[in-house]
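The primary structure of each chain is shown beneath.
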Amino acid sequence: MAQINTAVLDATPAPLNGKSLNGKPANGKSVTFTLNGKAVACSPDQTILEAAQQHGVEIPRLCYMEGMRPDGNCRTCMVEIKGERVLAPSCCRYPKEGMEVTSDSARALTSQKMSIELLLSDIPETSYTLNSELDLWAKKLAVGKPRFASRHQPAEDLSHPAMAVNLDACIQCKRCVRACREDQVNDVIGYAFRGGHSKIVFDLDDPMGDSTCVACGECVQACPTGALMPAREVGKVVADKQVDSVCPYCGVGCQLTYNIKGNTILYVQGKDGPANSSRLCVKGRYGFDYVQHKHRLTKPLIRKPGVPKTKDFVVDPENWQQVFREATWEEALDVAAKGFRDIRDTYGKRSLAGFGSAKCTNEEAYLFQKLVRTGFGSNNVDHCTRLCHASSVAALMEGINSGAVSNQVRDVQNAEVIFLIGANPTVNHPVAATFIKNAAKAGVKLIIADPRRSDLARHATHFLQFKSDTDVALLNAMLHTIVEEGLVDKKFVADRTSGYEALAENVKKFSPEAMAPICGIDAKTIREVARLYATSKASIILWGMGISQHVHGTDNARCLIALALSTGQIGKPGSGLHPLRGQNNVQGASDAGLIPMFYPDYQRVGTPAARQRFEKLWGTELDPDPGLTVVETIHAAKKREIRGMFVMGENPAMSDPDVNHAREALATLDHLVVQDIFLTETAYLADVILAATAWPEKVGTVTNTDRMVQLGRKAIEPPGDAREDFWILNELSRRVGVDW
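Note that the structure is predicted; figures quoted are calculated from it, not measured.

> How do you make sense of the nonpolar core when you look at a structure like this?
As a rule of thumb, soluble globular proteins bury nonpolar side chains together. Among the nonpolar cores identified, the biggest contains 106 residues, and Ile418, Met645, Phe646, Leu679 and Leu732 are the most heavily contacted of them. In terms of residues, this core owes the most to one element, helix H7 (residues 329-347), which gives seven residues. Residues within four places of Ile418 in sequence aside, it is in contact with Val412, Ile436, Ala439, Val444, Lys445, Leu446, Ile447, Ile540 and Leu542.

As C-alpha cells, this is what we get:
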C-alpha cells in the first residue's frame with residue numbers, strides 16, 4: 001500500500017496545446033469576408049454556414065448538425081464564391097480574408113431548390129414526424145410537389161422495442177451514421193451498397209432489433225426527416241409542453257427535455273448540458289415509463305395486525321390488500337411518528353436509524369439527515385455510498401482533503417493518457433464512455449486495467465487483464481518503476497506534498513518483476529505503462545467499483561492518488577483523479593451529510609467545533625459520536641440494538657451484499673417505515689409505507705460525478721395521493737417532535 005498527501009489542488013479546465021475544449025483550433029484573429037454584399041467577421045474555425053447563421057443569414061442544410069463533423073453530402077447548402085467555377089457546400093468550407101460569398105444568388109438558389117426537390121421526390125407523402133427539416137426548408141424555399149419519379153421504397157422495420165425505422169423517409173444525410181460511429185462510437189449504423197442501391201444498414205444489414213444497437217437513441221435525435229423515430233408513433237403527437245430536467249439514473253448527470261401530453265411523458269430528448277452535450281443513453285432516453293407503471297404506490301399503507309414478518313416474506317403487488325390497508329396521510333404519518341417516538345423514549349436515541357437515498361435530491365438528503373440527527377437523536381444515518389465509493393472518499397479525504405473528483409469526465413479530451421481501472425463505463429456510465437471513446441479516436445492513449453474485458457478494451461492502447469484482487473500489487477509495481485527510473489515530478493512533490501520519502505521506501509519491495517507473478521501482467525508491460533502515465537503532458541485516472549468494493553478498497557484508491565501526486569498528474573487540464581460516482585446524486589447526498597461520521601460539507605461529527613456549529617444552527621443538542629454505517633446498522637438490527645428504521649428510497653432487502661441477512665434483520669425490527677414509489681422487497685416488511693414521488697414529479701437539485709449541481713424540474717403530477725418526499729419529511733419531522 002502506497003500513501004502520499006497533499007493540499008487540495010486547482011484543476012480548472014483550460015485549453016491545452018493551443019486547442020479549445022471542442023477540439024477545434026483555439027480562436028485567433030478573426031476573418032472578414034463579404035456575405036450577400038455585407039462585410040461580416042467570424043472566427044477562423046467557423047465555416048461559412050456557421051458564420052452566416054451567426055449573422056442571421058439562413059442557408060438551407062440537412063446533413064449538417066451542430067456539434068457533428070460536417071459531411072457536405074446533401075448539397076442543399078450550396079453557395080456561390082466569386083472567382084470559383086463551381087458552387088461550394090457552405091457547411092464544410094471555411095471563409096478566407098476578403099472572400100465574396102453569395103447564398104441568395106439565382107445560381108445558388110436554383111441549386112438549393114433542386115437538391116430539396118430531388119430529396120422530396122424520394123420520400124413518401126406520409127410523414128413520421130412533426131418536425132421534418134426537409135419539409136421546413138421546402139416550405140421556406142417555396143419548393144412544391146416534386147416533378148421526379150420516386151425511388152423504390154424499402155419496408156418499415158419495427159423490430160426494435162424503442163425505435164421505429166422508416167427508411168422510405170431516409171435522405172441518406174448520414175447524420176445517424178455520424179451520431180452512431182463518431183459521437184457515441186457504438187459502430188452499429190453503416191452506409192452500404194452503391195449508387196441507387198445504397199442505404200443505411202444496421203450491422204450486416206440486420207433488422208435494428210436484431211443488431212448490436214445499444215438503444216442510445218442518438219440516431220433518432222439526429223435524424224432530420226423521421227426515418228428514425230421513437231416507437232409507437234409518439235413523435236406524431238403534439239406535446240402540450242416541454243420541461244427541461246436532468247436524468248435520474250447514473251452519476252453523469254445528463255440534461256434532458258421531457259415532452260409531455262396531458263400527464264404522460266411522450267418521449268425524451270437530450271439537452272445540451274455541460275456533462276452530455278445533448279447525448280443520452282438507453283436509460284435516460286427511454287427509461288421513463290416506470291412513472292406510469294400500474295404498481296406505483298398511490299396512497300399511504302399500514303400493515304394489518306397479525307401479519308407476520310420473516311426474511312422470506314413476499315407481497316404480491318397485485319394483491320397487496322392481504323398485507324396492508326390504505327390510510328389517510330394524517331393517520332399514516334401519526335402511526336409512523338408514534339412508532340419512532342416510542343422506541344426513542346423507551347430504548348434510547350441510538351435505537352433508531354435511517355437509510356436515505358442517492359436517488360433523492362440534495363434538499364431531501366439534507367432534510368433526511370437532519371431529521372435523524374435532531375428528531376431521532378443520533379448519527380445513525382447512511383445511504384448506498386457505504387457499498388459504493390466510501391473507500392474512495394476516505395482515501396481522497398486523507399490524501400488531498402477533498403472527497404470528490406478533481407476534474408470533470410470530459411477533461412479526458414485534454415489528456416494525453418487515460419488510465420481507467422476497475423470500471424466499465426459503457427455499461428454503468430454510457431455517456432461518459434462516449435467521451436472516453438472520442439478521446440481515444442482522437443489519439444489519446446487509453447490504458448485499461450481490469451480483470452474483465454469490457455467493450456472499451458477495443459479502443460485501448462494497453463489492456464491489462466490482471467488477476468482479481470491484485471490491484472495493489474499492480475499499482476505499487478507502477479509506483480516502483482516511477483521512483484526507480486526517476487520519473488517523479490520532484491518540484492511538484494517538494495512544493496505540494498508530504499510523505500514522499502516513506503512512499504519511495506515502501507515501494508522498493510514491489511518491483512514489476514516481483515509483482516508480475518502475483519498480478520499476472522508481465523514486468524515489461526508494467527514498466528511501459530508506468531512510463532507512459534508518468535511522462536505524458538497530462539494523464540487522468542478514472543476508476544469505479546472495481547477499485548472501491550474490496551476489503552482493501554481504501555488502499556487501492558491510495559495507490560491511485562499516490563500515482564497522480566508523485567508524477568504531478570493533477571491540478572492541470574487533462575490530468576487528475578476521478579472516481580466515477582454510481583447513482584445520480586450519490587455525490588450530493590454525501591455532500592449534504594447523509595453519512596454517519598460527517599455533518600453537511602464533511603464536517604466531522606467528532607469535532608467539537610463542528611458539532612457546536614450545527615447545534616447552534618439546528619437549535620438542539622447533537623450526539624457527539626459517529627453513527628452506524630449501513631452494514632453496521634443491519635448487524636445491530638439483527639442483534640436488536642436497532643429497534644426502528646426509516647428507509648427512504650433505498651432497498652437494502654435487495655441491495656445488501658447478504659440479502660438473507662439483511663431481510664432477517666429487517667424482519668426483527670419493531671417499527672419499519674418505508675418511503676418509496678413501489679412496493680419494494682424492503683417494503684414487504686414495513687409497518688408503514690409512505691407513497692412518494694418519482695423523479696419527474698418533483699423539483700430539486702442533484703450533484704453529478706463532476707460535482708456540478710443541476711436542477712431537476714417537475715414535469716408531471718404524481719399518481720393518486722402520492723406526495724413529494726420534501727413534504728413527507730417535513731410532516732413526519734414535526735410529528736417526531738422537531739420544530740421546523
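Still to come is the rest of the account.
> Help me out: how do you make sense of the sheet that holds strand S18 (residues 417-421) in this one?
Remark on secondary structure: sheet strands pair via backbone hydrogen bonds, oriented parallel or antiparallel. An order of S20-S19-S18-S22-S23 is seen for the five strands of this open sheet, with the pairing classed as parallel. Because the sheet does not close on itself, it has two edges, and the strands there are strand S20 (462-464) and strand S23 (576-579). Averaged over all pairs of adjacent strands, the angle between their axes in this sheet comes to 15 degrees, without regard to strand direction. Alignment of strand S19 (residues 445-449) against S20, held across three bridges, turns out to be parallel. Bridging across to S20, Ala449 finds its partner in Leu464. Seen against the sheet, helix H12 (residues 471-484) touches S18, S19 and S20 and runs at an angle of roughly 155 degrees to S18. Of the strands in this sheet, S18, strand S22 (539-543) and S23 are in contact with helix H18 (residues 553-567), which crosses S22 at around 170 degrees.

> Quick question: what am I supposed to make of the pattern of salt bridges here?
Side chains bearing opposite charge may pair, as long as their charged atoms lie close to each other. With the rule as written, the count across this model stands at 47 salt bridges. For Glu505, the salt bridge is made with Lys508, and the minimal N-O distance between the two is 3.1 Å. Residue Glu505 is classed as partly exposed on the basis of its relative accessible area, which comes to 48%. Among the charged side chains, a network of salt bridges with common partners joins Glu330, Asp334, Glu731, Arg734 and Arg735.

> Please clarify how the environment of Arg285 should be interpreted in this entry.
Residue position: Arg285 is located in helix H6 (residues 282-286). Residues Arg285 and Gln221 lie 64 residues apart in sequence; the distance between their C-alpha atoms is 10.0 Å. Beyond its immediate stretch of four places on either side in the chain, Arg285 contacts Cys216, Gly217, Glu218, Gln221, Val268, Gln269, Gly270, Ser278 and Leu280.

> In this structure, what is going on with the sheet that holds strand S12 (residues 255-261)? I would like to understand it.
As summarised here, the arrangement of the three strands in space is S11-S12-S13, forming an open sheet in which the pairing is antiparallel. Each edge of the sheet is formed by a strand with only one pairing partner; in this case those strands are strand S11 (241-246) and strand S13 (264-270). In this sheet, adjacent strand axes meet at a mean angle of 30 degrees when their direction is disregarded. Where S12 and S13 come together, six bridges link them in antiparallel fashion. Within the sheet, the bridge partner assigned to Leu256 lies in S13 and is Gly270.

> What should I look at first to understand the pairing of S23 in this one?
Each regular strand shows side chains that alternate between the opposite faces of the sheet. Neither face of S23 is exposed, since Gly576 and His578 on one face and Leu577 and Pro579 on the opposite face are all buried. Alignment of S22 against S23, held across four bridges, turns out to be parallel. Bridge pairing in S23 places Ile540 opposite Gly576.

> I keep staring at helix H24 (residues 725-736) and nothing clicks. Help me out?
An α-helix turns once every 3.6 residues. As a result, residues three or four positions apart point the same way. Counted at 1.5 Å a residue, the expected span for H24 with its twelve residues is 16 Å, and the 16 Å between its end C-alpha atoms agrees. Here H24 lies mainly inside the structure; nine of its twelve residues are buried. Against H7, helix H8 (362-376), strand S26 (644-648), strand S27 (671-676) and strand S28 (688-691) lie the buried residues of H24. Looking at the residues trailing H24, positive phi occurs at Gly737, about 125 degrees.

> Is there a simple way to explain the packing of helix H2 (residues 106-121) against helix H3 (residues 133-140) in this structure?
Packed helices, taken two at a time, are described by the angle between their axes plus the distance between the axes. Orientation of H2 relative to H3, taken along the N-to-C sense of each, is 135 degrees, at an axis distance of 10 Å. As summarised for this structure, H2 and H3 are arranged oblique, according to the angle between their axes. Crossing of H2 over H3 shows left-handed handedness. Contacts between H2 and H3 involve Ile116, Leu119 and Leu120 from the former and Leu134, Asp135, Trp137 and Ala138 from the latter. Residues of the contact of H2 with H3, tallied by class, amount to six nonpolar, no polar and one charged.

> Looking at this structure, how should I read a nonpolar patch on the surface?
On the surface, a nonpolar cluster with roughly 240 Å² of combined accessible area is contributed by Met114, Leu118 and Phe148. Checked against the element boundaries, Phe148 lands in the loop between H3 and strand S7 (163-165). A residue is classified by how much of its surface remains accessible, and Phe148, at 34% relative accessible area, is partly exposed.

Conventions and cut-offs
Residues numbered from 1 in each chain as written. Predicted model: local features only at pLDDT ≥ 70, side-chain atom pairs only at ≥ 80, totals over all residues. Heavy atoms only, no water. Core = buried A, V, L, I, M, F, W, Y, C linked by side-chain atoms within 4.5 Å. Buried < 20%, exposed > 50% of the residue type's maximum accessible area, 1.4 Å probe, protein only. Helix = DSSP H or I, 4+ residues; strand = E, 2+ residues; numbered from the N terminus. Contact = heavy atoms within 4.5 Å. Pairing = 2+ DSSP bridges. Axes fitted to C-alpha atoms, helices over the stretch in contact; angles between N-to-C directions. Salt bridge = Lys/Arg side-chain N within 4 Å of Asp/Glu carboxyl O. Expected span 1.5 Å × (residues − 1). Parallel < 35°, antiparallel > 145°, perpendicular 65-115°, else oblique. Left-handed = near helix turned anticlockwise from the far one by under 90°. Nonpolar A, V, L, I, M, F, W, Y, C, P; charged D, E, K, R; others polar. Patch = residues over 30% accessible without salt bridge, like charges linked within 9 Å, V, L, I, M, F, W, Y side chains within 5 Å. Areas by Shrake-Rupley, 256 points an atom, 1.4 Å probe, with all protein chains shown as cover.

By themselves, these figures tell us nothing about what the structure is for.
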